[in-house]
Every structure is written in C-alpha cells, then in structure tokens.
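Read off the chains here:
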Amino acid sequence: MYFKQFYLGCLAHASYLIGSDGEAAVVDPQRDVDQYIEVANAQNLRIKYIIETHLHADFVSGHRELADKTGAEIVFGKEAGATFPHRAVKDGDELTIGRVKLRIMETPGHTPESICVLASEAEKKKEAGEDACVPKLLTGDTLFIGDVGRPDLAGGRGYTSQDMAAMMYDSLHNKVLALRDDVEVYPAHGAGSMCGKNLSTDTSSTIGQQRKFNYALQPMSKDEFVRMMTTDLPEAPAYFPKDAEINRGGAASLEELPPLRSMTPAEVAECAKHGCIVLDVRAADEFGADHVPGSMNIGLGGQFASWAGTLIPMTAPIVLVAESEAKAEEARLRLARVGLENIKGHLAGGIDAWKEVDFEVAIVPQINVADLKHLIDSRPDLQVLDVRRAAEYESGHVPRAVTSPLAKLRESLPSLAFDPAKTTTVICAGGYRSSAATSLLQAAGFSDLLNVTGGTAAWIKAGYEVEVPAKAVSH
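Here is a short report on the structure shown in this document. In this text the structure is predicted, and so the values were computed from the model without any measurement.

Some details on the packing of aromatic side chains
- Across all of its chains, the model carries 9 aromatic pairs by this definition.
- Arranged with centres 4.6 Å apart and planes meeting at 55°, the rings of Phe-3 and Tyr-186 form a pair that is tilted. Pair noted here: Phe-3 is in strand E1 (residues 2-8) and Tyr-186 is in strand E11 (residues 184-187), with a separation of 183 residues, a long-range link.
- Take Tyr-186: its relative accessible area is 12%, and that puts it in the buried class.
- One Lys or Arg, Lys-136, reaches over the ring of Phe-3 and ends 5.1 Å from the middle of that ring.
- Taking the ring centre of Tyr-464 as reference, the NZ or CZ of Lys-373 above it sits at 5.7 Å.

As for the sheet that holds strand E18 (residues 366-367)
- Pairing is parallel across the open sheet formed by 5 strands, whose spatial order is E18-E22-E21-E19-E20. Single-partner strands in this sheet number two, and they are E18 and strand E20 (402-403).
- Judged from the 4 bridges that link them, strand E19 (residues 383-386) and strand E21 (residues 424-427) form a sheet pairing that is parallel. For Asp-386, the partnering residue across the bridge sits in E21 and is Ile-427.

Digging into the sheet that holds strand E2 (residues 13-20)
- Pairing in this open sheet of 6 strands is mixed, and the strands run E1-E2-E3-E4-E5-E6 from one edge to the other. Edge positions in the open sheet fall to E1 and strand E6 (87-89), since each of these has one partner strand only. Adjacent strand axes in the sheet meet at a mean angle of 25°, parallel and antiparallel pairs treated alike.
- With 5 bridges joining them, strand E3 (residues 23-27) and strand E4 (residues 46-51) adopt parallel strand pairing. Paired with Ala-24 across the bridge in E4 is Ile-47.
- Strands in contact with helix H2 (residues 63-70) are E3, E4 and strand E5 (73-77); relative to E4, the strand with the most contacts, it is inclined by about 155°.

Thoughts on the pattern of salt bridges
- In total, this model carries 31 salt bridges according to the counting rule given.
- Glu-73 serves as the salt-bridge partner of Arg-87, at 3.3 Å between the closest nitrogen and oxygen. Taken as a pair, Arg-87 in strand E6 and Glu-73 in strand E5 lie far apart in primary sequence, 14 residues in all.
- Overall, Arg-87 belongs to the partly exposed group, its relative accessible area being 31%.
- Via salt bridges that share partners, Asp-280, Arg-282, Asp-290, Asp-352 and Lys-355 belong to a single interconnected network.

Focus on the environment of Ile-351
- Relative to the helices and strands, Ile-351 is located in helix H11 (residues 350-356).
- With 315 residues separating them in the primary sequence, Ile-351 and Tyr-36 have C-alpha atoms 36 Å apart.
- Residues contacting Ile-351, with those up to four places away along its chain left out, are Arg-282, Asp-290, His-291, Val-292 and Val-321.

Structural notes on helix H1 (residues 34-42)
- What H1 keeps buried is the set Tyr-36, Ile-37, Val-39 and Ala-40. In a view along the axis of H1, the buried residues occupy a sector of 170°, so they form one face of it. Of the residues in H1, the exposed ones pointing more than 90 degrees away from the buried face are Glu-38, Asn-41 and Ala-42.
- Residues of H1 that are buried in the fold lie against E1, E2, E3, E4 and H2.
- Positive phi appears at Asn-44, one or two residues downstream of H1, with a value of about 55°.

Some details on the nonpolar core
- Within the largest apolar cluster, 53 residues are counted, with the highest numbers of intra-cluster contacts made by Leu-279, Ile-312 and Leu-320.
- Secondary structure elements with two or more residues in this core: helix H6 (240-249), strand E14 (277-280), helix H9 (304-311), strand E16 (318-321), helix H10 (325-336), helix H14 (409-416) and helix H15 (432-443).
- The dominant element in this core, judged by the number of residues it contributes, is H9, at 5 residues.
- Residues contacting Leu-320, with those up to four places away along its chain left out, are Leu-260, Leu-279, Val-281, Ala-328, Ala-331, Arg-332, Leu-335, Ile-343, Gly-345, His-346 and Leu-347.
- In terms of nonpolar packing, the next biggest core, distinct from the first, is built from 23 residues, Leu-118, Leu-143, Val-148 and Met-229 among them.

Considerations on the state of the cysteines
- Tallying each qualifying case throughout the model produces 1 disulfide.
- Here Cys-271 pairs with Cys-276 through a disulfide, and the sulfurs are 2.2 Å apart. Here the two residues Cys-271 and Cys-276 agree in accessibility, since each one is buried.

Re H6
- Among all positions of H6, only Phe-240, Asp-243, Ala-244, Asn-247 and Arg-248 are buried. Viewed end-on, H6 has its buried residues packed into an arc of 145°, placing them on one side of the element.
- Looking at the packing, one finds that the buried side of H6 touches H2 and E5.
- Gly-250 lies just past H6 and shows a positive phi near 90°.

Cut-off values and rules
Residues numbered from 1 in each chain as written. Predicted model: local features only at pLDDT ≥ 70, side-chain atom pairs only at ≥ 80, totals over all residues. Heavy atoms only, no water. Phe/Tyr/Trp six-rings, centres within 6.5 Å; stacked < 30°, edge-to-face > 60°. Helix = DSSP H or I, 4+ residues; strand = E, 2+ residues; numbered from the N terminus. Buried < 20%, exposed > 50% of the residue type's maximum accessible area, 1.4 Å probe, protein only. Lys NZ or Arg CZ within 6 Å of the ring centre and 35° of its normal. Pairing = 2+ DSSP bridges. Axes fitted to C-alpha atoms, helices over the stretch in contact; angles between N-to-C directions. Contact = heavy atoms within 4.5 Å. Salt bridge = Lys/Arg side-chain N within 4 Å of Asp/Glu carboxyl O. Arc of directions from axis to C-beta. Core = buried A, V, L, I, M, F, W, Y, C linked by side-chain atoms within 4.5 Å. Disulfide = S-S within 2.5 Å.

Written out as structure tokens, the structure is:
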C-alpha cells in the first residue's frame, strides 16, 4: 500500500492519497488539487476514487475539479445528498484499489452523512515472508487525535446538537472502538481546526492510543457523553454552512477564477470608498508600522483562511495588500479554499506605493508584555481587551482584561462599553488575533490602540500574575 498524508497548516486540514498496483483513491481533497495528480503520476497510480468523509464546512473541496481532471468517481456517504453524479455508499460497502480494500463505515455524529474509511491490504502469501500492513482508518471529522467531531453543525438539517452527539456516541462505541488497538488513525483535521474542541498537534495515532488518552473515549454513559459534547462549544464560524452547501453542489475549478488584477493606490482608495474590504495580509508588526486606513489585518503567517472566512462575508469585494505580488497570489488561493472568491485585485507595489503618492497611513503601535504590565500598574483608565476564545480566557488572563472573542468582536463592541478615545490594549495568545482585532477596532473609530506582541503566552512566561474567573476556579 502506498499512503501519503497532505497536511495544510492554514486550515489544519489533512487529506490523503492511498495507492496500490496502479490505482489510487484521494480522501478529503483540498480545493487546489494538482498536488494529488503529481504524486499519483510519480507513483504510476491512476486516481480511481475521490472519497469525501462528509460535507466539509470549514473549507471548499476540490472533488469536482479533481474528478474532471482524472475521470475518477466521487464517493459520498448516502446521506450527503450531493447534487452531482457520485457514488452514494452505505455501511459495509467496499471499494477496491489494487490489493487494497476500502471498507465504508457509516459514522454519523459530526454530520449525518459522516463516514470513516478502513483501508486494509489483502493478505500476502506466507511464503513471501511479508505481512500485510496494519489497517488504516481515515476518520474524517468523526475521531480526531485527542478529540471527536463537534455535533452542532447539522442544525439546519433538522438535527439538534443532542441528536448528533447521541449518534456520535453510537458510532464511536459500536464501530470505531470495535476495531483492534493497532489500527492506525488518520483524521481530517488537527490542532487549530474549529471542527472540534481539543485537537492534538499530532496528525496520526492508533485506536489503542485514543482509547487510552482521548477524553471523549473514556468510559461513560451516553447521557454523560451527550452533556459533555454539547457544553461550552465554540461558536461555529458563519461561513461553515455556506461552504458545506458549496461542497454539496461542487465548487468551480480554480482555473475558472479571473487572474489577479494590479491596482493603483487611487483605484484601491476608490474601491474602499464603495465598500471594498482592504485586506492587509502582512505580519502584525508590518501592519502596525503603516497601513491603509480602515484596512483589515489577517496575516498569512497564521490560520489565515479560517479567520478570513470567519471575519469576511462570503460575497464581500476584497482588495489585497501584501509585501509582494507572489504573496497576494498566495492570499488569493488561500481565500478561494474557503470560498472567498470576489477578489477585485491587489495594491501594486504594496504599502510603499501607497506612501509614494502621499496617501494617509494609519499605525498601530506594538508593545511587549513588560510595557503592558507597566500600563496596567500605572493607568487606571487603561482598557484591556482579550480576544481569545472563552475557554482560553477562563484558563487565565491578564489583570483587568475584558473578554470579547475575535470571531464576534464586531457584534459585541456595543456591550463592552469601551471608550474609543481611551487607550486600548489588545491581547490574544501570541499577537496574531489581537492584530486582526486592532484593525477592526480602528475601523470602528478607536483612535489609541496598542497591540501586545507575544500575547498571554509571553505574559505567563514572564511570570506575571494572571486572573482566573471564579467560575473556572470552582469548576
């Protein structure tokens, strides 16, 4: 068996190519699909199947484009309701690629149509002196390393979170955990994905390891499991249901998207006047030093696509600002991976071109945690905003920090009762989300903003005091 994992850090997404005797299957492909074709060709494999473990909500899949380019058959669980030609599989169905059997396991819970794929090689003759390789279970978003899939993404299809969590319990205990301990586990996502609560940085494991260490697989009743899985779920990004529907119908080929247009500073300024989002994809320190007034900062160095999908409406017109045309092209591709395709162009020459024509620039000063400590100690009127997720905030935050997770910052601003004219420091875990937050606050009229580099992690490392909410202490 040939087996390769493709890991896309920007979306914490794993996809797979499995091959044997000239045939291959691709599982959960990302939108840009040429890499699968290149690897298959290098291994003398013909892609026969494209298998989707479910209708992905956090990214747009390339299954249609890959099928068009290879002639492969697209495979979904029978509950998916995909609107294009595909093979709808059910529990116990088998697909064959060379000497490898791909057995379908229906495992509803994350979504109604979720499946796992058990890949096992045919037994080899004893005289060959070789053993068949250990079976591999491709779990999609059913079982992660250290977690299981969230159960609250099927509300629009008539299921409650409790319904789906109960299904997940049955799928895990009746099917997944019935497999032997040495079966290797390969999920569709890792740490950073919003498809679960507690995903590991590891990208593979075994059933035995997960049985022992995964909190969600420890002995408990179904009722206990349902309560646990439906409590304190992070809010799902607004783009999730939109991407799921794109995947149900199949996305257009990336080659059909128009080329990236170069724009002058005057064109960018005019576009911004008419509602375009100016998206600056540079790092926080570069954005802070000088940027187009009113622009949004989501750096390419972090989980760019996921945060872009969370903070930018799906159909919004976007103009990119990057340090080079190559980085603008990279941003365009990564935006397309989550379905953001309305890219009007990029600022040719970047921020330097903007400054060369003497257009106004805005700044956000960057401070370290020692500076923040001094301000907290000396400025009673200082406003401190923590934009991490609720669970992160409750695990410990800098003194006087008010919580408002980045994903809902725009909506929560009025309830914060912050004074836009007062000095406001913004902190997250490391400085990435806080920079995005300062850009949103600046656009909302905050005039004295400071971004904390290093974030809460640096604060704790420096040995400074943290506050823990009473609820978290008692819990």
